[in-house]
Amino acid sequence: MTSRKLLSEAKLWLVAIPVLLWTLIPIYHIFLFSISTKDSAFSGRLWPKEPTLRNFGTVFRQEHFYLHHFWNQIWNSLWIAVAAGVITLAVATCAAFAISRLRVKGGRTVMNAALFTYFIPAAFLAVPMYKAMGTYGLLNSRWSLVLAMVTIASPYAIWVLKQASDKLPWELDEAARIDGATPLQLFRLVYLPLMLPSLVAIFTYALLLTWNEYLYAFLLLSHENTIPLAVGLGHFLSSDDSPWEILMATALIYGLPPAAIYYAFRRYMVGGLTAGAVKS
Amino acid sequence: MASVSFSSIKKSFGSTKVLHGISLDIADGEFMVLVGPSGCGKSTLLRMLAGLEDITGGEIAIDGRVVNDLDSKDRDIAMVFQSYALYPHLTVGENMGFSLRLRSERKDLIQSRVDNAAKILNLQALLQRYPRELSGGQRQRVAMGRAIVRDPKVFLFDEPLSNLDAKLRVAMRAEIKALHQRLKTTTVYVTHDQVEAMTMADRIAVMNDGRIEQLGEPLELYDRPANLFVAQFIGSPAMNVFEGLYRNNFIEALGAAWPVSGARAAAGQRVQYGIRPEHIDLAATGVAAEVVVVEPMGAETELLVKVGDRTLTLTTHGRSSLGPGERTFLAPRLEHVHLFDAATGARL
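Structure report, in brief.

Cut-off values and rules
- Residues numbered from 1 in each chain as written.
- Chains lettered and ligands numbered in written order.
- Predicted model: local features only at pLDDT ≥ 70, side-chain atom pairs only at ≥ 80, totals over all residues.
- Heavy atoms only, no water.
- Pairing = 2+ DSSP bridges.
- Helix = DSSP H or I, 4+ residues; strand = E, 2+ residues; numbered from the N terminus.
- Axes fitted to C-alpha atoms, helices over the stretch in contact; angles between N-to-C directions.
- Contact = heavy atoms within 4.5 Å.
- Phe/Tyr/Trp six-rings, centres within 6.5 Å; stacked < 30°, edge-to-face > 60°.
- Buried < 20%, exposed > 50% of the residue type's maximum accessible area, 1.4 Å probe, protein only.
- Lys NZ or Arg CZ within 6 Å of the ring centre and 35° of its normal.
- 1 Å grid on protein atoms, 1.4 Å probe; cavity = no way out; pocket = protein on both sides within 12 Å on 5 of 7 lines; lining within 4 Å.
- Points joined across faces, edges and corners; volume = space filled by probe spheres on them.
- Nonpolar A, V, L, I, M, F, W, Y, C, P; charged D, E, K, R; others polar.

1. So, the sheet that holds strand β17 (residues 300-307) of chain B
Residue and element names in this part refer to chain B.
- Spatially, β15-β19-β16-β17-β18 is the arrangement adopted by the 5 strands of the open sheet, whose pairing is antiparallel. Two strands bound the open sheet, and with one partner strand each, they are β15 (280-283) and β18 (310-317). With direction set aside, neighbouring strand axes in the sheet form an average angle of 50°.
- Pairing between strand β16 (residues 287-296) and strand β19 (residues 327-332): 4 bridges, direction antiparallel. Bridge pairing in β19 links alanine 289 to threonine 328.

Written out as structure tokens, the structure is:
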């Protein structure tokens, strides 16, 4: 290895190590808390004297006041995230296909409008959204959060899928048209299979966005049985003497599904969100 | 099989007119090549026939039936694209049978038609492969297979060989021609390569700037180009053309007297004198010239010679003993001299 190469490698490590620590320390912190007993949680040690898995047992058996609805709430989280992912995907895919491949009139306007929505912070829309959901009688229904998250996720999803669609060779559509494909057959038999990596990426994006959402979930859902786990976790902080070790054990469990999903689809995430960025 | 007829076809993109009223009749079973420089409208004309572009004015008929308002799929045509346009997620076999699958044909019928096309194109061993696993030439054959499977009335080719390397292009040229001779399907073939046009066509339509400059059989175009554009476009190396003044039996140009036969223009008229490289002989007398470059090609030799301030090309059979800087004399063959009106470019 030349000294020049060595130097550039060293520079890379100089950046990578702090970033890695920055990311891992909080996670290690959560992990440390979750395997500590209540007394030793704040001992300041790097490894607890008597590591224990009892906290997880407490969580799974719903044996704590704040955890009486744990399984219900994690099911809510999952249900809402999957529903929001599926609907976002459906909306964005149809929009991208219509704008990019069928070239419907006004497509550009829709794209610009979609981009424009990001000038308005999501928190700004919380109150109008609350009002709208109230008007339709959806407050405290899981659908309210699903619809809110679809609203928030769709513009970006449409934008990304439209860009990815534009990269598909136009001749494929023409060949399919000459082969006798109707627009729906084109969509089903040519467009969807070729867009698969981007579709997986966008589905995962919407799913994780919703899974991690707190503000809207907190606002739109208030019943113990309808809130997702993210809001349930927040409830831990409502007492003066929070059971940190159990909160962290729950948080760790809550963090595992997104990590697993991301790991499973990482090939699509990188490929899908940067599709066509370089010449293949 | 079918005839194709274009009558007064016009096309505009916004305010830009790209086709100015093209009329062209293609006979049943004919191999028609549309050739011209890029931007001449040849691809647009083909795409209008395919139903991929709207028709601004005029009528297109296939087998006597006007197809202006028919969808591509109802025109009974098949098209081979320059980029092959194979479906990347389908195997070769699925690609070829796709159109039949869309029509909900029976599986065994699709299978037999695909097998039959694969046999014609020698693709049997590749049916289970994906397009990404094929070479350029194989992909182009699959694209042709996809067209054959449909058994259409008309084959359309849009610069199908442009993405292939030179050697493969020659091989595929022969393959397409052989295919046409076997299937006898009416074919419209677009290319910018005049060699492709010359070697493959039954008839060629030379297009320029949205018009057909000349329509005819390849050698007819070569021997009697209707105007300056066709004269310079058809033939490789290109025809030597230079301007001069018509005198009674010679042309005064480049400081020399160039022989012509017969009275073809008025004395003193400005004309363009055209002579193909292989129609100039080296002689002991004639137009004095100086050899600039000698390009031996084996079977023939290409010479670049300087007359006055112009460099002319000439081809001689066999080898040449001349070297750069040597002086020689040119003798154009009278019967092969082309004269064009200097103002209009029309043949005289």
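2. A short note on the sheet that holds strand β2 (residues 16-26) of chain B
Residue and element names in this part refer to chain B.
- As summarised here, the arrangement of the 4 strands in space is β2-β1-β4-β5, forming an open sheet in which the pairing is antiparallel. In this open sheet, the two strands that pair with only one neighbour each are β2 and β5 (65-66).
- Most of the contacts of helix α1 (residues 42-50) go to strand β1 (residues 4-13), to which it runs at about 115°, and overall it touches β1, β2 and β4 (57-62).

3. Comments concerning the packing of aromatic side chains
- Scanning the entire structure with this criterion turns up 22 aromatic pairs over all chains.
- A centroid spacing of 5.6 Å and a plane angle of 55° characterise the contact between phenylalanine 116 of chain A and phenylalanine 119 of chain A, whose relative ring orientation is tilted.
- A relative accessible area of 64% means that phenylalanine 119 of chain A is categorised as exposed.
- Aromatic pair phenylalanine 229 of chain B and phenylalanine 233 of chain B: ring centres 5.6 Å apart, planes at 15°, arrangement stacked. With a gap of 4 residues between them, phenylalanine 229 of chain B and phenylalanine 233 of chain B both fall in helix α8 (residues 228-233), about one helical turn apart.
- For phenylalanine 229 of chain B, a relative accessible area of 22% translates into the label partly exposed.
- An aromatic cluster is present here, built from Phe31, Phe155, Phe157 and Tyr189 of chain B joined pairwise through their rings.
- Across from the ring centre of tryptophan 79 of chain A, 4.3 Å away, lies the NZ or CZ of arginine 142 of chain A, which sits over that ring.
- In this structure, arginine 146 of chain B packs its charged tip against the face of tyrosine 87 of chain B, placed 5.0 Å from the ring centre.

4. Some thoughts on empty space enclosed by the protein
- Counted by the stated rule, this structure contains 4 cavities of 30 Å³ or more.
- Mapped by element, the contributors of at least two residues to the lining of the largest cavity are α7 (170-179) of chain A together with β6 (77-80) and α4 (136-149) of chain B.
- Among the elements that take part in the lining of the largest cavity, α7 of chain A stands out by supplying 3 residues, more than any other.
- Its residues placed into classes, the lining of the largest cavity shows 6 nonpolar, no polar and 3 charged.

5. Focus on the layout of surface pockets
- Taken as a whole, the second largest pocket spans an internal volume of roughly 600 Å³.
- Lining the second largest pocket we find 25 residues, and of these Arg177 of chain A together with Gly51, Leu52, Asp54 and Ser72 of chain B sit closest to its centre.
- Breaking the lining of the second largest pocket down by element, the ones donating at least two residues are α7 and α8 (183-211) of chain A together with β1 of chain B.
- Among the elements that make up the lining of the second largest pocket, the one with the highest residue count is α7 of chain A (4 residues).
- Taken together, the residues that form the lining of the second largest pocket break down as 9 nonpolar, 4 polar and 12 charged.

The values are spatial; any link to function lies outside them.
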